[in-house]
Amino acid sequence: MRLVLFGPPGAGKGTQAARLAEDFGVAHVSTGDILREAVVKRTEHGRKASEYINAGGLVPSDILNEIVENKLSGMGCFLLDGYPRTVKQAEYLSNLHDIPLDVVILFEVPKDVLVKRLTGRRTCKQCMRIFNVNNEGITSTQTECPFCGGELEQRVDDKSETVVRRLQVYSDNTEPLIEFYRERGLLYEIDGDRPPEDVYADILGLLNSKNLDCNKV
Ligand code: AP5
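Residues numbered from 1 in each chain as written. Predicted model: local features only at pLDDT ≥ 70, side-chain atom pairs only at ≥ 80, totals over all residues. Heavy atoms only, no water.

A. Layout of the overall build of the protein chain. Helix and strand counts for the protein chain come out as 9 helices and 8 strands. Compactness check: the protein chain gives a C-alpha radius of gyration of 17 Å against a globular reference of 17 Å for 217 residues, within 12% of the reference. Projected onto the principal axes, the alpha-carbon positions of the protein chain cover approximately 45 × 40 × 30 Å. In the protein chain, buried positions account for 42% of the 217 residues. (Helix = DSSP H or I, 4+ residues; strand = E, 2+ residues; numbered from the N terminus. Rg over C-alpha atoms; globule rule 2.2 N^0.38 Å. Buried < 20%, exposed > 50% of the residue type's maximum accessible area, 1.4 Å probe, protein only.)

B. Expanded view of helix α9 (residues 196-209). With 14 residues, α9 should reach 20 Å at 1.5 Å per residue; the first-to-last C-alpha distance of 20 Å fits that figure. For α9, the set of buried residues is V199, Y200, I203, L206 and L207. Taken down its axis, α9 places every buried residue within 120 degrees of arc, on the same side. Exposed residues on α9 whose side chains face more than 90 degrees from its buried face are N208 and S209. At its buried positions, α9 is contacted by β1 (2-6), α1 (13-24), β4 (103-108) and β8 (187-191). (Expected span 1.5 Å × (residues − 1). Arc of directions from axis to C-beta. Contact = heavy atoms within 4.5 Å.)

C. Just the layout of surface pockets, in detail. Size it by volume and the second largest pocket reaches roughly 210 Å³. Counting residues per element, the ones that place at least two in the lining of the second largest pocket are β4, α6 (111-119) and α7 (160-174). Top element by residues in the lining of the second largest pocket is α7. It accounts for 4 residues. Looking at the lining of the second largest pocket residue by residue, the class counts come to 9 nonpolar, 2 polar and 3 charged. (1 Å grid on protein atoms, 1.4 Å probe; cavity = no way out; pocket = protein on both sides within 12 Å on 5 of 7 lines; lining within 4 Å. Points joined across faces, edges and corners; volume = space filled by probe spheres on them. Nonpolar A, V, L, I, M, F, W, Y, C, P; charged D, E, K, R; others polar.)

D. Inspection of the site of the ligand at higher detail. Around the ligand, 35 residues are found, and the nearest of them are T15, G57, R121, F131 and R166. K13 places a polar side-chain atom, nitrogen or oxygen, 2.9 Å from an oxygen atom of the ligand. Contact distances for the ligand include 2.6 Å between an oxygen atom and a side-chain N or O atom of R121. Here the ligand loses 95% of its free accessible area of 1000 Å² to cover by the protein chains. (Near = heavy atom within 4 Å. Polar contact = N/O pair within 3.5 Å; in protein donor to acceptor, adjacent residues only side chain to side chain. Areas by Shrake-Rupley, 256 points an atom, 1.4 Å probe, with all protein chains shown as cover.)

E. How the structure looks around the side chain of R155. When you line up the elements, R155 lands in the loop between β7 (152-153) and α7. Of the residues examined, R155 reaches a relative accessible area of 17% and is grouped as buried. Among the polar contacts listed, one links the side chain of R155 to the side chain of D157, at a separation of 3.1 Å.

If you want it as structure tokens, here you go:
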């Protein structure tokens, strides 16, 4: 199983990836999570990436290509979330992996819903679970994770002005990938503006129809 979860900021890629990783035992490779960890640890990549992330721009592709190449090395089964984000990155990925992707899942969500989700997102610093003040589970003033008691935080790039920039960057740089993968017969579109469990049911239907799991790489 080699999947790419694809779509605009706030479309639900990370939410669905976490569940797929748990249920299928597939490695969840999130370039956003990897970069944020590098920023916290003040690694060389982290120092270079932080200004781009905070401004809602794209981190230079040479950094991302190196990260993904190292991460996927020897991995037969993976779920990519946040990469590729440009046609150049997609070309790099297809040259990198001698075994092709199985499917690219595009989550479609209207822009106003994305803005509401992103500005309402909170992440637990300890267990990394993702919540939203607009959904059941936490309130807008809550600071403790309901699962582990860890501190809930808002991502620096989820402030409203940065969200607007990220959505523009997506439409300018990442949307062209839709055609790239459609032409290659890999694109599968899902209506992401429904409850997470309904979105997940669609993904399961797709994986079953293609007979994909982690034992069949
Ligand atoms: P990254 O972390 O990848 O951010 P993103 O792609 O903008 O996606 P998000 O994590 O914001 O959203 P998501 O789709 O995962 O939604 P989630 O499930 O959390 O990248 C961050 C930055 O790193 C980039 O801006 C860039 O600077 C850099 N970067 C990363 N990769 C790069 C690359 N390849 N090249 C260059 N730079 C790169 O859900 C959002 C919220 O909605 C949550 O609160 C959740 O609870 C809620 N929610 C989810 N699903 C639903 C639903 N079905 N119904 C209602 N609420 C829902």
